[in-house]
Amino acid sequence: DTGVSQDPRHKITKRGQNVTFRCDPISEHNRLYWYRQTLGQGPEFLTYFQNEAQLEKSRLLSDRFSAERPKGSFSTLEIQRTEQGDSAMYLCASSPPQWRVEGNTIYFGEGSWLTVV
Amino acid sequence: DAKTTQPNSMESNEEEPVHLPCNHSTISGTDYIHWYRQLPSQGPEYVIHGLTSNVNNRMASLAIAEDRKSSTLILHRATLRDAAVYYCIPGNTGFQKLVFGTGTRLLVSP
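Here the residue numbering is sequential within each chain, running from 1 through the sequence in written order. To read the labels, note that chains go from A and ligands from 1, taken in the order they are written. Only residues with pLDDT of at least 70 are given local features in this predicted model, and only at 80 or more are side-chain atom pairs given and counted; all residues enter the totals for whole chains, interfaces and linings. The side-chain numbers reported here are obtained from all heavy atoms of the structure, hydrogens and water having been left aside.

**What to know about the interface of chain B and chain A**
Okay, step 1: Only heavy atoms enter the contact rule, under which two residues are in contact if any of them lie within 4.5 Å. Each side of the interface is counted separately: chain B has 21 residues, and chain A has 21 residues.
Okay, step 2: Across the chain B to chain A interface the summed buried area is about 1,700 Å²; carbon plus sulfur atoms make up 51%.
Okay, step 3: Salt-bridge detection follows one rule: a side-chain nitrogen of Lys or Arg within 4 Å of a carboxyl oxygen of Asp or Glu. Between the two partners, chain B and chain A, sit one salt bridge.
Okay, step 4: Looking at the side of chain B that touches chain A, the elements with two or more residues in it are β3 (31-38), β4 (45-50) and β8 (84-92) of chain B.
Okay, step 5: The element contributing the most residues to the side of chain B that touches chain A is β3(B), with four residues. The term buried area refers to how much accessible surface (probe radius 1.4 Å) is lost by two components on association, counted for both of them together. Helix numbers and strand numbers start at the N terminus; a helix is a DSSP run of H or I with at least 4 residues, a strand a run of E with at least 2.

**Considerations on the state of the cysteines**
Okay, step 1: The criterion for a disulfide is a pair of cysteine sulfur atoms lying within 2.5 Å. For the structure shown, the criterion picks out two disulfides over all chains.
Okay, step 2: Disulfide pairing places C23(A) opposite C92(A) at an S-S distance of 1.9 Å. Torsion about the S-S bond of the C23(A) and C92(A) cystine: about -70 degrees, corresponding to left-handed handedness. In this pair, C23(A) sits in strand β3 (residues 19-24) while C92(A) sits in strand β9 (residues 88-95), placing the two residues 69 residues apart along the sequence.
Okay, step 3: Note on cysteine connectivity: C22(B) is disulfide-linked to C88(B), with sulfurs 2.1 Å apart. Here C22(B) and C88(B) share a disulfide; its torsion about the S-S bond, -75 degrees, makes the bridge left-handed. In this pair, C22(B) sits in strand β2 (residues 18-23) while C88(B) sits in strand β8, placing the two residues 66 residues apart along the sequence. Comparing C22(B) with C88(B) shows no difference in burial state: the two are buried. Only protein chains enter the accessibility calculation, which uses a 1.4 Å probe; a residue is then buried when its area is under 20% of its type maximum, exposed when over 50%, and partly exposed in between.

**Points about the nonpolar core**
Okay, step 1: For this analysis, a nonpolar core means a set of buried residues of the types Ala, Val, Leu, Ile, Met, Phe, Trp, Tyr and Cys, connected via side-chain atoms within 4.5 Å. In terms of nonpolar packing, the biggest core is built from 20 residues, with L20(B), W35(B), L73(B), L75(B), Y86(B) and L106(B) touching the most fellow members.
Okay, step 2: Listed by contribution, the elements that provide at least two residues to this core are β2, β3, β4, β6 (61-64), β7 (70-75), β8 and β9 (104-109) of chain B.
Okay, step 3: Ranked by size, the runner-up nonpolar core spans 19 residues in total, among them W34(A), F65(A), Y90(A) and C92(A).

**What about unusual backbone geometry?**
Residues and elements named next belong to chain A.
Okay, step 1: At the junction of D7 and P8, the peptide bond is cis and its omega measures out at -5 degrees in the coordinates.
Okay, step 2: Locating P8 in the fold gives a position in the loop between β1 (5-7) and β2 (10-13).
Okay, step 3: Even without being a glycine, E28 presents a positive backbone phi close to 75 degrees.
Okay, step 4: The exposed category is assigned to E28, whose relative accessible area is 63%.
Okay, step 5: For N51, which is not glycine, the phi dihedral falls at a positive 55 degrees.
Okay, step 6: Its place among the elements puts N51 in the loop between β5 (44-50) and β6 (53-57).

**Re the pattern of salt bridges**
Residues and elements named next belong to chain A.
Okay, step 1: Under the defined criterion, the tally for this structure stands at eight salt bridges over all chains.
Okay, step 2: In this structure, R22 engages D24 in a salt bridge whose closest nitrogen and oxygen atoms are separated by 2.8 Å.
Okay, step 3: Judged by its relative accessible area of 34%, R22 is partly exposed.
Okay, step 4: D86 is the salt-bridge partner of R64, the closest N and O atoms lying 2.8 Å from each other. Placement of R64 in the loop between β6 and β7 (65-68) and of D86 in the loop between β8 (75-79) and β9 is noted, with a sequence separation of 22 residues between them.

**Focus: the packing of aromatic side chains**
Think of a pair of aromatic rings as described by two things: how far the centres are apart, and how the planes are tilted against each other in angle.
Okay, step 1: Between 30 and 60 degrees the pair is tilted, below 30 it is stacked and above 60 it is edge-to-face, where a pair is any two Phe, Tyr or Trp rings, Trp via its six-membered ring, whose centres lie within 6.5 Å. Counted according to the given criterion, the structure contains eleven aromatic pairs over all chains.
Okay, step 2: When the centroid spacing of 6.2 Å and the interplanar angle of 80 degrees are considered together, the rings of F108(A) and Y36(B) count as edge-to-face. Taken together, the residues F108(A) in strand β10 (residues 107-108) and Y36(B) in strand β3 connect one chain to another.
Okay, step 3: Looking at F108(A), the relative accessible area reads 12%, which means it is buried.
Okay, step 4: Take Y36(B): its relative accessible area is 0%, and that puts it in the buried class.
Okay, step 5: An aromatic cluster of three or more residues is present, and its members are Y35(A), F45(A), F108(A), Y36(B), Y46(B), Y87(B) and F100(B).
Okay, step 6: Lysine and arginine charges are scored as sitting over a ring when NZ or CZ, respectively, is within 6 Å of the ring centre and within 35 degrees of the ring normal. Positioned over the ring face of F74(A) is R22(A), at 4.0 Å from the centre of the ring.

In structure tokens, the structure reads:
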């Protein structure tokens, strides 16, 4: 399977613990996104990378959240001191360079479900 | 970001055509209209996008109003697998993110 890969798919953690999600984008996709989705709502944008540079961050991304893409390939999203309100599905997505035929298409992974108890 | 208005839900029978409307009256002249769908417990997937002319692909057709203030996603023959939430999203070619609304939940009955 050559789609966007996310790990772990499910995570249950106690309030106050730190969690980290990993995303492997489609090969040669230089753009990478993180979204968060709660039940009944559409995905909400969190942050965007072009190669290794983090170009945009949503106000939703509080200081407890940090995302990295150190070599412009895989990315991690870490949540420190988790709260019950962080329970959601965290979606990673990637897209090819804009000049490519599919440059207007974003490809999503299947998401990482987080439950904070 | 252009605001969109979509019905909360729609119902269809299997093998019948489905027309999913979207109003985007504040769309800018350079915004494409993207449609994504999300099947239960999965991430969103691309369906189709267009700028001015109607577009067809193997999944669906997109009919864009002449004034571009509305569009309609057309599924020619709905299947049970088409049951999903469908999102209409305006965005320009240089977009850096998709802004999702709440979409239309499509229910398909056998």
